[in-house]
Number of protein chains: 2
Amino acid sequence: MYEFSFQNPTRIEFGIDKEKNIGQYMKEFGAKKVVIIFGSDRIKESGLFDLVTTNLSKNGIEFTECGKIKSNPVLSKVREGIEIAKKFSADSVLSIGGGSCLDSAKAIAAGSLYEGDVWDFFTGTAVTKALKIFDIMTLAATGSEMNNGSVVTNEETKQKYPIHGFSLFPKVSVINPKLQTTISRDYLVYSAADIIAHSIEGYFTASVQPELINLQVEANIKTVIRTTEILLQNPNNLDARGEFAWAATLALNGLTYLGTAGFSYPNHMIEHAMSAIYDVPHGAGLSVVIPAWMTWYQDRNPKQFQRFAKEIFDLSTAEQGIEALRAWFNKIGTPTTLRQLNIDEHNLELIIDNATQNAIDWQMHDIYNHQVIATILNLAK
Amino acid sequence: MYEFSFQNPTRIEFGIDKEKNIGQYMKEFGAKKVVIIFGSDRIKESGLFDLVTTNLSKNGIEFTECGKIKSNPVLSKVREGIEIAKKFSADSVLSIGGGSCLDSAKAIAAGSLYEGDVWDFFTGTAVTKALKIFDIMTLAATGSEMNNGSVVTNEETKQKYPIHGFSLFPKVSVINPKLQTTISRDYLVYSAADIIAHSIEGYFTASVQPELINLQVEANIKTVIRTTEILLQNPNNLDARGEFAWAATLALNGLTYLGTAGFSYPNHMIEHAMSAIYDVPHGAGLSVVIPAWMTWYQDRNPKQFQRFAKEIFDLSTAEQGIEALRAWFNKIGTPTTLRQLNIDEHNLELIIDNATQNAIDWQMHDIYNHQVIATILNLAK
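What counts, and at which threshold
Residues numbered from 1 in each chain as written. Chains lettered and ligands numbered in written order. Predicted model: local features only at pLDDT ≥ 70, side-chain atom pairs only at ≥ 80, totals over all residues. Helix = DSSP H or I, 4+ residues; strand = E, 2+ residues; numbered from the N terminus. Rg over C-alpha atoms; globule rule 2.2 N^0.38 Å. Buried ≥ 20, exposed ≤ 12 C-beta atoms within 10 Å, placed from the backbone. Contact = placed C-beta atoms within 7 Å. Least-squares fit on C-alpha atoms with pLDDT ≥ 70 in both. Pairing = 2+ DSSP bridges. Axes fitted to C-alpha atoms, helices over the stretch in contact; angles between N-to-C directions. Expected span 1.5 Å × (residues − 1). Domains from an automatic or database assignment. Nonpolar A, V, L, I, M, F, W, Y, C, P; charged D, E, K, R; others polar.

A.B. asks: Could you clarify how one ought to interpret the overall build of chain A in this entry?
C.D. replies: Per the secondary structure count, chain A includes 15 helices and eight strands. Taking 381 residues into account, the globule formula puts the C-alpha radius of gyration at 21 Å, and chain A, at 20 Å, falls close to it. Overall size of chain A, expressed as C-alpha extent along the three principal axes, is 60 × 45 × 45 Å. The 381 residues of chain A split such that 56% are buried. When contacts within chain A are restricted to residue pairs at least 6 apart in sequence, long-range pairs at least 24 apart make up 78% of them.

Structural data, given as C-alpha cells:
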C-alpha cells in the first residue's frame, strides 16, 4: 500500500425526513446567515423549500436565495451567487439539489471569502477558506456531499475544471432517499454511469491498487448495478434508493483511493470537454466515453480488465467485460455512442481539441495527446 | 437501509516513517503538554520513544510518561494515568502501542477533565469532553485508532466495559506498517481473530443489513484471511501488513454498521467475561467463542450463515462455513477451545455468571440468559 493522509470531517445525516432538522444541524455549526442554492422552482412547488426555510427561521437562521442553477454549473452563475452572498454577509451556503447545485455552492462558499475572481481557484490558486457548506441531496451521483471537490464550467473559455480544498468538505450533508425518488428515469441512469465512472477511473489506472481497495470498488459497482435495476422497476423502493445513494457517496469520498497511487481520471478528462462544449448530461457523456476508453486502454492493464469481467459480470475475458458494461448501459438506457448525443464530426474535432487542453492542464499529456483522444472518441462513434 | 448519523473526524497518517512527524501533527491541533502512554520498555530499547520525544521537543511540546500498560487494560492504571495527566496539566495524550494502550489513553483523556471517578463513564455517565488524543499504532486489531470507543477492565468488580463519546475520536492516528512487523506470531493471529469478530458481530446479528454493507464486511474478512496467511510466511511483507492494518481500522470505524439496525456484540459480551476473569488475550478468547457462538446462533439467520460459507470459503452450507472458520483459526494457531486457554470447569461457571451480568448491563438479556451462555460456552470446551 502507498502512504496516505486521510481525514473526512463531513457529517452525514441519512434517512427519511432528516431535512426537517437542517436548521438545527446548521445551528450546531454556528450558522446564522445562509444563501440557499437551488435549481428549478420544483423545490418550491413540492413544499421542500418552505419546509426548510421554516426550520431555518425556527433556529434563528436568516436566509436569502440563489436559484436557477443548471446541470454542468457555470461560472457566471457562481459569480452571481458570490455577489448575493457578499451582499447578504452570509456565513453559510445551503445547497438543495444534486451535485451541480452543491458544486456551485462550494465555489460560491470559496469565492465569498476571496478578494479576487473565483476562477483563480480553478487555475491554480489554493482554496484556504470558505463559508460553511451544508446540503440536502435530491439526486445521488457526484459524491460531492462527502468530498472536498467542486467542478464548474467557464462558459467563455469552455473549460470545465475542478477545485479542491479542506474547507470545501460540507459540514453536514442530508441524504434522504425519499427526496430522491422524484428524479427522472434518464437522470437515474446517467447517475449510475457517473458512479461507475468514479469507481473505475482509479480501479483501472492506478499503478498501486491494493486488493482491499479492489474489493471495495467492486462492492460499489455491484451495488449500483443491482439497485439501478430495482429502481427502474420501482422508483419508490427506498432501500434500493438508499443503497444507490450511499454507493454514490462511497465511490468518491476518498476511501476507495486510499493506499493507491498513480491513478488518473481520463474518462472525466474527455467527458468534461464534451459537456463544456455540448452541455450534455455529465453521466450520459461518461457512458459514451467509458466503453470506448476501456477498449483503447485494456492492454495497459489486462489482468485488471479480466478481473473486472469476472467479478462484475462473471465473464472470462477483458473484452467480454467491456462488452457487458456497454450492453448494460444500453439496457438501462444511458447512451453509448456520440451519435446518441447528437455530436457530429465538426463538434468532435472541437471536443478533441478541448480534451487535449484538459490533458495538458491536468498533466495527463504524457499518455493523452490529440491523436490518442481522437482514437478513443472515434471508438465512441 | 436504516437511518443513521455518521461523522468520523479522525485524521489517519498512514505510511512508513509517519511517526517521525508526530510532533508536527500534534502542533497543528494545538497540543503543548502531552502524557505519553505505552506498554513495555521495548519502545525505549527500539529507539521509537527517543525518536518521538525528539520530534515533540522540536515542535515545542512538553511531555511526561505513563508506561507499563498491559493487555486487557485495567482501571487502576487508568486512574494512575489521570493523576499523572492532572499533575502535569496535560492538554493531550499520545498512545504508542496497540489497542490496550490507546483505550487506556482515551479513558485517561476523559477522566482528566472530570471531577468524579473515571469508572462513572463506564456505568452510565456521558463522556462530553476529553484531552486531545493522538496515537502511533504498533499493533493493528481493535480499530480504536479511528473510533470513539474504549474498553477497560475494573479489576475489583471484574467488569470489562466500554465507553463511547465524540471526544474520544483520536485527532491523528499514525499507522506505519513497518512498526507493526515486530509483533509476535501469537499476537498477529489473535489480532486476526479480533478483526474477524468485529466484522461478523453485525454481519450475523443485524435485523437490517444492506447488501452493500455485506460486501464491505466480506471485503474486510477476505483481506484479513489473505494477509494473515502472507504475514505468517513473511512478517516483513509491508503491503500485506498495511492491508491487514487498514482492514482492522475499517472493521470498526463505523462504516460497516451504517444503515444497519438491531445488531449486538454477543461474542464480545462473552469474551469480555473470559478476559476480565482469566486475563486471556482478547483475540484468543474471541477465536474460542466465535465458532461455538456461530454453531448455537446459525438457525436464527440461516441465509446469512449460508452466504458467509459461500462468499468467504466458497462452500455450500452454513455448517461448512462455521467449520471452515474453526479450521482456519486452528491452522493459523489461535485457540478454538477453552481447554487451550487452560480454563477449567470451576472457572467456566465464573465466566458464565460474569457474562450473564454483562448481558443484563448491555441489554442483551432477552436472548443471552445464564442457560444460553452456558450452552454456548459448553460448545467451546
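A.B. asks: I tried to follow the relation of the copies chain B and chain A on my own but got confused; where do I start?
C.D. replies: What connects the two chain copies is a rotation about an axis and a shift along it. Least-squares fitting of chain B to chain A yields an RMSD of 0.0 Å, with the transformation described by 0.0 Å of translation along the axis and a rotation of 180 degrees. A rotation of that kind, with that shift, is consistent with a two-fold axis. Taking the C-alpha atom as reference, chain B places B:P9 closest to the rotation axis, 2.3 Å from it. Interface overlap between copies is the fraction of interface residues in one copy that are interface residues in the other; for chain B against chain A it reaches 100%, indicating a shared surface.

A.B. asks: Help me out: how do you make sense of unusual backbone geometry in this one?
C.D. replies: When glycine is set aside, most residues are seen to have a negative phi, and most peptide bonds are trans. Residues and elements named next belong to chain A. Located in the positive-phi region is D17, a residue other than glycine, with phi close to 70 degrees. Position of D17 relative to the elements: it lies in the loop between β1 (4-14) and α1 (22-28). According to the C-beta neighbour criterion, D17 is exposed, with 12 such atoms within 10 Å.

A.B. asks: What is the right way to look at the environment of A:S95 in this model?
C.D. replies: Residues and elements named next belong to chain A. Checked against the element boundaries, S95 lands in strand β4 (residues 92-97). On the basis of neighbour counts, which here come to 32 C-beta atoms within 10 Å, the residue S95 falls in the buried class. As for S95 and E145, which are separated by 50 residues in sequence, their C-alpha atoms are 9.9 Å apart. Each residue touching S95, except ones within four places of it in the same chain, is listed here: I37, C101, L102, A105 and D135.

A.B. asks: Is there a simple way to think about the sheet that holds β1(A) in this case?
C.D. replies: In a beta sheet, neighbouring strands are held together by backbone hydrogen bonds and run either parallel or antiparallel to one another. Within the open sheet, the twelve strands sit side by side as β3(A)-β2(A)-β4(A)-β5(A)-β8(A)-β1(A)-β1(B)-β8(B)-β5(B)-β4(B)-β2(B)-β3(B). Their pairing is mixed. Two strands lie at the open edges of the sheet, namely β3 (62-66) of chain A together with β3 (62-66) of chain B, each paired on one side alone. Averaged over all pairs of adjacent strands, the angle between their axes in this sheet comes to 25 degrees, without regard to strand direction. Pairing between β1(A) and strand β1 (residues 4-14) of chain B: seven bridges, direction antiparallel. Of the residues in β1(B), the one forming a bridge with A:E13 is B:S5. Helix α5 (residues 99-111) of chain A contacts β2 (33-38), β4 and β5 (132-137) of chain A of the sheet and is inclined by roughly 170 degrees relative to β4(A).

A.B. asks: Explanation requested: helix α14 (residues 345-361) of chain B in the structure shown.
C.D. replies: The α-helix advances 3.6 residues per turn, and as a result positions three or four apart in sequence lie on the same side. Residue and element names in this part refer to chain B. Look at α14: 25 Å from first C-alpha to last across 17 residues, which is about the 24 Å you get at 1.5 Å a residue. Contact partners of the buried residues in α14: α10 (266-278) and α15 (370-378). Just beyond α14, the residue with positive phi is Q363, at close to 55 degrees.

A.B. asks: In this structure, what is going on with the domain arrangement of chain A? I would like to understand it.
C.D. replies: Frequently, the measure chosen for interface size is the accessible area that the parts lose on association. Residue and element names in this part refer to chain A. Looking at chain A, the domain boundaries give domain 1 (11-179) and domain 2 (185-378). The gap between the C-alpha centroids of domain 1 and domain 2 is 26 Å. Tallying the contact residues gives 17 residues for domain 1 and 25 residues for domain 2. Looking at the side of domain 1 that touches domain 2 residue by residue, the class counts come to six nonpolar, seven polar and four charged.

A.B. asks: What exactly am I supposed to notice about the interface of chain B and chain A here?
C.D. replies: On the chain A side, the residues contacting the 28 residues of chain B number 28 residues. Looking at the side of chain B that touches chain A, the elements that each hand over two or more residues are β1, α8 (211-233) and α9 (238-251) of chain B. Looking at which element gives the most residues to the side of chain B that touches chain A, the answer is β1(B), with nine residues.

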